[in-house]
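These are the residues of each chain, in order.
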Amino acid sequence: MLKFMVVLCRRKDLSSADFAKHLREVHGPLARRLPALRKYVQNYPAADPTRKAPAWDAIVELYWEDRAAMEAAWRSPEGAASDADLPLFVDMERTSWSVVEAFEM
C-alpha cells in the first residue's frame, strides 16, 4: 500500500477553529471522493503544555493500493476539485506533501 502525507499549515487570516472546520467539513469530504482511495486520516495536534506547539496545523494521510492508483486519482475531476479547494484554507507556501516510506519497528 502507498502512503501519501500532507503537512498542512493554515492561512494566517483563518483561526485554528475555522481551518479545522473547513478541513473536516469541506476538504475531507472532497478528499474521500478521490478514486481508489483506500484510507484517509486527518491528524491534529493535541493540546500539550509540556511541548512546543508544532509549526503545522494538521497532517493528512492518504492511502492507495499503488502509485499508479494515486496518480490517476490526482488527474481525476475529484483530484482537481480537491486541489482547487486547498488555497481556500491552506498556506500553500508552507504546506508540503510527499509519498512516504513507513517502517514499523
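All residue numbers refer to position in the chain's written sequence, counted from 1. Note on the predicted model: pLDDT of at least 70 is required for a residue's local features to be given, and 80 or more for side-chain atom pairs to be given and counted; whole-chain, interface and lining totals, by contrast, use all residues. To get the side-chain values, all heavy atoms of the structure are used, and hydrogens and water are removed first.

Student: What's the story with the pattern of salt bridges in this structure? I'm lost.
Tutor: Oppositely charged side chains are able to pair whenever their charged atoms sit close together. For this document, the term salt bridge refers to a Lys or Arg side-chain nitrogen within 4 Å of an Asp or Glu carboxyl oxygen. Under the counting rule described, the total for this entry stands at seven salt bridges. Put simply, Arg11 and Asp13 hold a salt bridge, and the shortest N to O gap is 2.6 Å. We classify Arg11 as partly exposed; its relative accessible area is 24%. Buried means the residue's accessible area, taken with a 1.4 Å probe over protein chains only, is under 20% of the maximum for its type, while exposed means over 50%, and partly exposed covers the values in between.

Student: I would appreciate a short explanation of the sheet that holds strand β1 (residues 2–8) in the present structure.
Tutor: Two orientations exist for strands paired in a sheet by backbone hydrogen bonds: parallel and antiparallel. Across the sheet, which stays open at both edges, the four strands sit in the order β2-β3-β1-β4 with antiparallel pairing between neighbours. This sheet does not close on itself; its edge strands, each paired only once, are β2 (39–43) and β4 (96–100). Sheet twist, expressed as the average angle between the axes of neighbouring strands with direction ignored, equals 15°. Bridge count for β1 against strand β3 (residues 58–64) is seven bridges, and the pairing is antiparallel. Across the sheet, Val7 pairs through a bridge with Ile59, a residue of β3. Of the strands in this sheet, β1, β3 and β4 are in contact with helix α2 (residues 67–75), which crosses β3 at around 115°. Think of it this way: DSSP has to see at least two bridges between two strands before they count as a pair. Comment: elements are numbered from the N terminus, with helices defined as DSSP H or I runs of at least four residues and strands as E runs of at least two. Lines fitted to C-alpha atoms define the axes here, with helix axes fitted over just the stretch in contact, and angles between the N-to-C directions of these axes take values from 0 to 180 degrees. Two residues form a contact once any of their heavy atoms are found within 4.5 Å.

Student: Please explain the side chain of His27 as it appears in this structure.
Tutor: On the secondary structure map, His27 appears in helix α1 (residues 16–32). Note on His27: relative accessible area 7%, which makes it buried. Counted as a polar contact is a pair of N or O atoms within 3.5 Å, where, for protein atoms, one must be capable of donating a hydrogen and the other of accepting one, and residues adjacent in sequence contribute only when both atoms are in side chains. In terms of polar contacts, His27 uses its side chain to reach the side chain of Ser82, at 3.4 Å. A polar contact of 2.8 Å, which involves the side chain of His27, links it to the side chain of Asp85. Filtering out sequence-adjacent residues up to four positions away, His27 remains in contact with His22, Tyr40, Ser82, Asp85, Leu86 and Phe89.

This is a description of form; function is not addressed.
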